[in-house]
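For reference, the chains in residue letters:
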Number of protein chains: 2
Amino acid sequence: MDLHIVIDRSQPLGEQLLRQLRGLIRSGRLATGAQLPPTRLLAEQLGLARQTVAEAYERLTLEQLIEARRGRGSFVRALPAAEPERPAPTPVRLASAARIAAFQALPVPLLRFADSPLARWDFIGGSPEPALFPHEDWRRHLHAAQRQMSQGGAHAPPAGLLALREAIAEHLTFARGVRCSAADVIVTQGAQQAFDLLVRVLVGPGDVAAIESPGYPPITGLLQAQGARIAHVPVDEQGLVTDALPPDARLVYTTPAHQFPLGVAMSAVRRRALLDWAARTGAVVIEDDYDSEFRFEGQPRDSLQGLDTDGRVAFVGSFSKTLAPSLRLGYVIAPLALRDALLHAKHLADVHGPRLLQHALARFMAEGAYRKHLRRCVAEYGLRRERLMAGFAGALAPWLTLLPAEAGFHQAALFKAGSDIDATRLAALARRVDVGLYPLQGFGADRDGLLMGFGRITPDGIAAALTRIAELLAP
Amino acid sequence: MDLHIVIDRSQPLGEQLLRQLRGLIRSGRLATGAQLPPTRLLAEQLGLARQTVAEAYERLTLEQLIEARRGRGSFVRALPAAEPERPAPTPVRLASAARIAAFQALPVPLLRFADSPLARWDFIGGSPEPALFPHEDWRRHLHAAQRQMSQGGAHAPPAGLLALREAIAEHLTFARGVRCSAADVIVTQGAQQAFDLLVRVLVGPGDVAAIESPGYPPITGLLQAQGARIAHVPVDEQGLVTDALPPDARLVYTTPAHQFPLGVAMSAVRRRALLDWAARTGAVVIEDDYDSEFRFEGQPRDSLQGLDTDGRVAFVGSFSKTLAPSLRLGYVIAPLALRDALLHAKHLADVHGPRLLQHALARFMAEGAYRKHLRRCVAEYGLRRERLMAGFAGALAPWLTLLPAEAGFHQAALFKAGSDIDATRLAALARRVDVGLYPLQGFGADRDGLLMGFGRITPDGIAAALTRIAELLAP
């Protein structure tokens, strides 16, 4: 018998063998009743220790995929549910069919999964450089946190572990001028859950909610799921156009530090006007402090939350951009009037987040590793930003203007007046030369342009990619 | 100067010192301008290495809490926001005030936080034995998972990592007769998030939802948040009384393997009737497979999901009882008609769960550590169950009857007819002799009795506690 098994010596051997044997059995290529090769033989064939093969057979036996017949060898068993018998594919009549269909039709956040391929030079936004992840420090604190959880880990408070809330409050007080203490912090499963909780607590069917246009797509689906009426408020070089805010909104969602996708910062005048509007209308301001940690020039601007004297701003942040999206750690600094309702919502949504990761992050922050890491990131992203600005001031100057941004790892580029370039067509052409471009219109912009993220592209990559774009644009 | 700092030598020293110094500064006990003791002095006073104290001072300097003045020592700085200036405590007028208040009024899940004290002998339900947590195996797989995440970790699919979904599907196929493959599994933040997603997808304002009475409290708040009308369906010794199901429900929530709180298993006849009712009405059945993994007698009963040929059962499970609640890992096996809508809902709620824990659990399961762990748990809980049954058959027999349960780590005890004992009064008396008792009426039962959980009490503890209860009941 010739089993098709390929062993990659750089990976755990036993696991590979087990996975492939399982696959052969489940797919039917090793049929019911088939005899497996004796462990000694298979071990020789694959260059593995006999013990490794024997252990794999043992596990397959435990999993009831094979059985050992005394003195004869190991045989594939009849599978109880190799191909699970599925309910017939005819549509099932459900009392909630309309609601289910409406849910399916909601717009969902745009994001990249681990396995969706980037271009060789990719200007995707919102995705941090994985190579910057502070593996050594993180691992050390993670292991220490695990050791300290000598009791497996009972439930944590819905707001999150106190040590983490303290660390976040401390960080925000110093770094972002946010006025808060640990009691104001609710740890969430990424910023997305913070938005979800806020929307659920603030918006019911028919209520008006204002968002930036162009804006951050993930918020739209949440509002629609609640049956909100969405008011799209334009954005210009000073940020959200506050004069265009509707009088009857329950909330406004905004990205003042670094507008998504335009990258501009909200001006001081607009910040003031926004808070005045909120005081007049009773609306809550959701301040998404999206990648403000990466500041390259100028004094840090005050956060809206820091300017607010009225308790109307919910400040939302995340570790997805500064550490890694896969950690799913974010937070909301809740205004007093919302705090209890948000805690109830969090409690109902998932009780609380995983204790281990909160514990590890609390240690990581308290010991200064987070600050050190942010400094490294600012240095690296700063280099990339310089290359990007140089390219737009040089080879790309005839066609595109880069909007200014003080912070964050993306900027927006607008086509110059009179240019007849179509961003979607340019993106398609760029992809052929292995450059990933993202038209602003994908985020609801009415002006043609590009989102230029530099989280996933090296400084040299930026230079190379911009040269290629210039070649595509040259007549 | 005499700093009040207490060092516990079994804990990390530097961290304790740092925390206490921070506390002294923030509370104002070390006022602005105060000089800290020289490192050498404080080190001597506390019996610490001088380096430990110097590092703590360095961190406090970085955190801008103290400053070093050359040649003079370290001094407490003026705090930028020692007592954060808070918005005035006068109530803020918000456009959503009514909705916020309604959210605050929702019933939230009952659960024990890590720091809420149990009685010495405590019969709390739903809380597993922390000492059973498989630290060695878990730590090994966690560390391996972290090592393999060489790239920090990009986003994962909303449904969860494929390896974990495969492991869960495999486990459920063999252990619970669930018909599923990895594609049917959505990994959630504990069972609570699975219920949340299901309720959001199935129930809108005014819709009818049926729940067991007495039943599992966490489901009620979710339904009320959606504006559902709740139908309370009674439970007897055969489980949910299917004849009492309303004709117009969108969903029914049930715990067939081990009813919460009565502990009984749903009979085969009722299972059939429930599925027939669902087919007739178009309702979805939420099967909460709550602690069914701990089976002590009889053949495993088929899950409702395994009996369903129509795609109407959403099967929900959790690792909170089998491993630890703090992991926040659960899952829903989605019927085909709901799968896409649930994935959208998960995507909007929090995008996906933390990659590291999913990766670690996938390894832990694939390598057989989960099965091994479950066997250990069943052995230990089986011992406790025997002690409990012996006590109720003996000393407590005059007053109480234990309802039968085949699985799970709690049973319910009912007061015998004619008994005039009040469970709430008994619980109060028991607390005085350090026994924790939980009246069934807390879960909506109309019969007086007690929930007898044995997750947090040893076999000997059970015997001791039951003796005390008998003493309280004896005339």
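Residues numbered from 1 in each chain as written. Chains lettered and ligands numbered in written order. Predicted model: local features only at pLDDT ≥ 70, side-chain atom pairs only at ≥ 80, totals over all residues. Heavy atoms only, no water.

1. Let's talk about the overall build of chain A
Spelled out, the test is: Only runs of H or I of at least four residues qualify as helices and only runs of E of at least two qualify as strands under DSSP, and these elements are numbered from the N terminus. Relative accessibility under 20% of the residue-type maximum defines a buried residue, over 50% an exposed one, and the middle range a partly exposed one, all with a 1.4 Å probe and only protein chains included. By the convention used here, residues are in contact when the closest approach between their heavy atoms is within 4.5 Å. The Shrake-Rupley method, run with a 1.4 Å probe sphere, supplies the accessible areas, and residue values consider only the shown protein chains as cover. By the counting rule applied here, Lys and Arg register as positive and Asp and Glu as negative, while His and the ends of each chain are not counted. In plain terms, the charge of a residue is placed at NZ if it is Lys, CZ if Arg, CG if Asp and CD if Glu.
The helix and strand tally for chain A stands at 15 helices and 16 strands. Per-residue burial over chain A gives 60% buried out of 475 residues. For chain A, the share of sequence-separated contacts (at least 6 apart) that also reach a separation of at least 24 residues comes to 72%. Element-wise, carbon and sulfur atoms account for 52% of the exposed surface of chain A, whose accessible area totals about 18300 Å². Side-chain charges in chain A split into 53 positive and 48 negative, and the spacing between the mean points of these groups amounts to 6 Å.

2. Here we look at the environment of A:His258
For A:His258, the location among the structural elements is in the loop between β8 (249-254) and α9 (268-281). In this view, A:His258 contacts A:Gly263, A:Val264, A:Tyr290, A:Asp291, A:Ala405, A:Ala407, A:Gly408, A:Phe409 and A:His410; residues no more than four positions away in its chain are not counted.

3. Concerning the side chain of A:Ser292
Residues and elements named next belong to chain A. To keep things clear, this is the line we draw: N or O atoms within 3.5 Å of each other form a polar contact, as long as, within protein, one can give a hydrogen and the other can take it, and as long as residues adjacent in sequence are counted only when both atoms are side-chain atoms.
If you trace the backbone, Ser292 turns up in the loop between β9 (284-288) and α10 (304-307). Here the side chain of Ser292 touches Asp289 through a polar contact of 2.5 Å, side chain to side chain. Not counting chain neighbours up to four residues away, the residues in contact with Ser292 comprise Arg176, Ala257 and Ala407.

4. Some details on the sheet that holds strand β13 (residues 410-415) of chain B
Residues and elements named next belong to chain B. Cut-off, in case you're wondering: At least two bridges found by DSSP between two strands are what make those strands a pair.
Strand order across the open sheet formed by four strands is β12-β13-β16-β15, with antiparallel pairing between neighbours. Each having just a single partner strand, β12 (400-402) and β15 (438-439) make up the two edges of the open sheet. Two strands pair when backbone bridges link them, and β13 and strand β16 (residues 449-453) are joined in this way by five bridges, in the antiparallel orientation. When the sheet's bridge partners are listed, Gln411 is paired in β16 with Met452.

5. Here's the deal with the relation of the copies chain B and chain A
To be explicit about the condition: The least-squares superposition of copies is restricted to C-alpha atoms, and to residues with a pLDDT of at least 70 in both copies.
Once chain B has been moved 0.0 Å along the axis and rotated by 180 degrees, it coincides with chain A to within an RMSD of 0.3 Å. Both chain copies can therefore be described as sitting about a two-fold axis. When C-alpha positions in chain B are compared against the rotation axis, the closest is assigned to B:His143, at 3.9 Å. Interface overlap between copies: 99% of the residues of chain B at the interface are likewise at the interface in chain A, consistent with a symmetric, same-surface contact.

6. Considering the pairing of strand β6 (residues 229-236) of chain B
Residue and element names in this part refer to chain B. Going by this rule: Orienting the strands away from the viewer, one traces the path from the first strand over the helix to the second; a clockwise path indicates a right-handed crossover.
Note that strand β5 (residues 208-213) and β6 share six bridges and pair parallel. In the sheet register, Ile211 faces β6, and the bridge partner there is His232. Assessed by its sense of winding, the connection that carries the chain from β5 through helix α8 (residues 218-225) to β6 is right-handed. Bridging between β6 and strand β7 (residues 239-240) involves two bridges; their strand directions are antiparallel.

7. Things to note about the confidence of the model for chain A
Filter applied, for reference: pLDDT is defined as a per-residue confidence score from the predictor, taking values between 0 and 100.
Of the residues in chain A, 94% have a pLDDT of 70 or more, and the chain-wide mean is 89. Quick note on the complex model: pTM equals 0.82, ipTM equals 0.82.

8. Observations concerning the packing of aromatic side chains
All names here are of chain A. Rules: A pair of aromatic rings is counted whenever rings of Phe, Tyr or Trp (Trp by its six-membered ring) have centres within 6.5 Å, and the orientation is called stacked for planes under 30 degrees apart, edge-to-face for over 60 and tilted otherwise. A ring has a charge above it when a Lys NZ or an Arg CZ is no more than 6 Å from the ring centre and no more than 35 degrees off the ring normal.
As enumerated under the stated definition, the model contains 28 aromatic pairs over all chains in all. On the basis of an interplanar angle of 70 degrees and a centroid distance of 5.8 Å, the ring pair of Trp138 and Phe364 is categorised as edge-to-face. Highlighted residues: Trp138 in helix α5 (residues 135-148) and Phe364 in helix α12 (residues 355-366), separated in sequence by 226 residues. In terms of burial, Trp138 and Phe364 fall into one category: buried. What links up through ring pairs into an aromatic cluster is the set Phe133, Trp138, Phe319, Tyr331, Phe364 and Tyr370. Between Arg69 and the ring centre of Phe75, over which it is positioned, the NZ or CZ distance is 4.1 Å.

9. Comments concerning helix α13 (residues 369-393) of chain A
So the rule is basically this: What a helix should span is 1.5 Å times the count of its residues minus one.
Between its first and last C-alpha atoms α13(A) spans 36 Å; for 25 residues at 1.5 Å apiece the expected length is 36 Å, and the two agree. Regarding α13(A), the residues found buried are A:Ala369, A:Tyr370, A:His373, A:Leu374, A:Cys377, A:Tyr381, A:Gly382, A:Arg384, A:Arg385, A:Leu388, A:Gly391 and A:Phe392.

10. Observations concerning the interface of chain B and chain A
Filter applied, for reference: Each of two parts loses accessible area, computed with a 1.4 Å probe, when they are put together; buried area is these two losses added. Salt bridges are identified by distance alone: a Lys or Arg side-chain nitrogen within 4 Å of an Asp or Glu carboxyl oxygen. Residues were grouped as follows: Ala, Val, Leu, Ile, Met, Phe, Trp, Tyr, Cys and Pro as nonpolar; Asp, Glu, Lys and Arg as charged; and all remaining residues, including Gly, as polar.
If you look at the interface, chain B gives 115 residues, while chain A gives 114 residues. Summed over both sides, the interface of chain B with chain A buries roughly 10100 Å², with 57% coming from carbon and sulfur. For the interface between chain B and chain A, the tally reads four salt bridges. Close ionic contact of B:Glu170 with A:Arg22 constitutes a salt bridge, the shortest N to O distance being 3.6 Å. Here chain B is connected to chain A by 36 residue pairs in polar contact (both at pLDDT 80 or more). Examining the composition of the side of chain B that touches chain A, we find that 12 residues originate from one element, helix α11 (residues 336-350) of chain B, more than from any other. Tallied by class, residues from the side of chain B that touches chain A come to 55 nonpolar, 29 polar and 31 charged.

11. Quick look at the nonpolar core
The condition that has to hold: Among buried residues, the Ala, Val, Leu, Ile, Met, Phe, Trp, Tyr and Cys ones that are joined through side-chain atoms within 4.5 Å form a nonpolar core.
Among the nonpolar cores identified, the biggest contains 130 residues, and A:Phe123, A:Leu437, B:Phe123 and B:Leu437 are the most heavily contacted of them. Membership of the second largest hydrophobic core comes to 68 residues, among which are A:Ile186, A:Val201, A:Leu251 and B:Ala349.

12. Comments concerning the sheet that holds strand β11 (residues 330-333) of chain B
Residue and element names in this part refer to chain B. Under the convention used in this document: A fitted line through C-alpha atoms serves as each axis, taken over the contacting stretch for helices, and the angle formed by two N-to-C directions is quoted from 0 to 180°.
Ordered by their spatial adjacency, eight strands build an open sheet running β4-β11-β10-β9-β8-β5-β6-β7, and the pairing between neighbours is mixed. In this open sheet, the two edge strands, each paired with only one partner strand, are β4 (185-188) and β7. Taken strand by strand, α8 contacts β5, β6 and β8 (249-254), and its axis lies near 165 degrees from that of β5.

13. Brief notes about the domain arrangement of chain A
Filter applied, for reference: Note that the domain bounds were set by an automatic or database domain assignment.
When the domains of chain A are assigned, the result is domain 1 (13-76), domain 2 (117-132 + 372-473) and domain 3 (135-368). With centres defined by C-alpha atoms, the gap from domain 1 of chain A to domain 3 of chain A works out at 51 Å.

14. Remarks on the pattern of salt bridges
Summed over the entire model, instances satisfying the criterion amount to 44 salt bridges over all chains. Note that A:Arg384 is salt-bridged to A:Glu129, the shortest N-O span being 2.9 Å. Of the two residues, A:Arg384 sits in helix α13 while A:Glu129 sits in the loop between β3 (121-122) and α5, which places them 255 residues apart along the sequence. You'll find A:Arg384 and A:Glu129 in the same group, each marked buried. Beyond isolated ion pairs, a larger network of salt bridges with shared partners links A:Asp196, A:Arg200, B:Asp196 and B:Arg200.

15. Considering the side chain of B:His410
Position of B:His410 relative to the elements: it lies in strand β13. Filtering out sequence-adjacent residues up to four positions away, B:His410 remains in contact with B:His258, B:Gln259, B:Phe260, B:Pro261, B:Gly263, B:Tyr290, B:Ala405, B:Leu451, B:Met452, B:Gly453 and B:Phe454.

16. Description of the environment of B:Leu60
Residue and element names in this part refer to chain B. Structurally, Leu60 can be placed in helix α3 (residues 50-62). Taking C-alpha positions, Leu60 is 54 Å from Leu388, a pair spaced 328 residues apart along the chain. Leave out the neighbours within four places in its chain, and Leu60 touches Leu18, Leu21, Arg22, Ile25, Leu65 and Ile66.

17. With respect to the pairing of β8(A)
All names here are of chain A. Extensive coverage of β8 is indicated by the burial of six of its six residues. The sheet contact formed by strand β5 (residues 208-213) and β8 spans four bridges and is parallel. Bridge pairing links Val208 to Ala249 in β8. Sheet topology note: the β8/β9 ladder contains four bridges and is parallel.

18. Some words on the packing of helix α5 (residues 135-148) of chain B against helix α12 (residues 355-366) of chain B
Two numbers describe a pair of packed helices, the interaxial angle and the distance between the axes. All names here are of chain B. Selection rule: Oblique is the label for any angle not under 35 degrees, not over 145, and not in the 65 to 115 range, which are roughly parallel, roughly antiparallel and roughly perpendicular in turn. What makes a crossing left-handed is the near helix being turned counterclockwise from the far one by less than a right angle; a clockwise turn instead makes it right-handed.
Between α5 and α12, the least distance of the axes is 8 Å, while the angle of their chain directions is 125 degrees. The pairing of α5 with α12 is recorded here as oblique in orientation. Between α5 and α12 the crossing geometry is right-handed. Residues Asp137, Trp138, His141, Leu142, Ala144, Ala145, Gln146 and Gln148 of α5 lie in contact with α12, whose contacting residues are Leu356, Leu357, His359, Ala360, Leu361, Arg363 and Phe364. Residue composition of the contact of α5 with α12, by class: nine nonpolar, four polar and two charged.

19. Some points on the packing of helix α6 (residues 162-176) of chain B against α12(B)
All names here are of chain B. Between α6 and α12, the least distance of the axes is 8 Å, while the angle of their chain directions is 40 degrees. Accordingly, the angle class assigned to the pair α6 and α12 is oblique. Considering only the axes of α6 and α12, their crossing is left-handed. Between α6 and α12, the residues in contact are Ala163, Leu164, Ala167, Ile168 and His171 and Gln358, Leu361, Ala362 and Met365, respectively. Residues belonging to the contact of α6 with α12 are distributed by class as follows: seven nonpolar, two polar and no charged.

20. Here's the deal with helix α6 (residues 162-176) of chain A
Compared with the 21 Å implied by 1.5 Å per residue over 15 residues, the 20 Å span of α6(A) between its first and last C-alpha is a close match. Looking at the packing, one finds that the buried side of α6(A) touches β4 (185-188), β10 (313-318), β11 (330-333), α12 and α13 of chain A together with α1 (13-26) of chain B. Note on α6(A): the residue one or two positions beyond its end, A:Gly177, has a positive phi of about 60 degrees.

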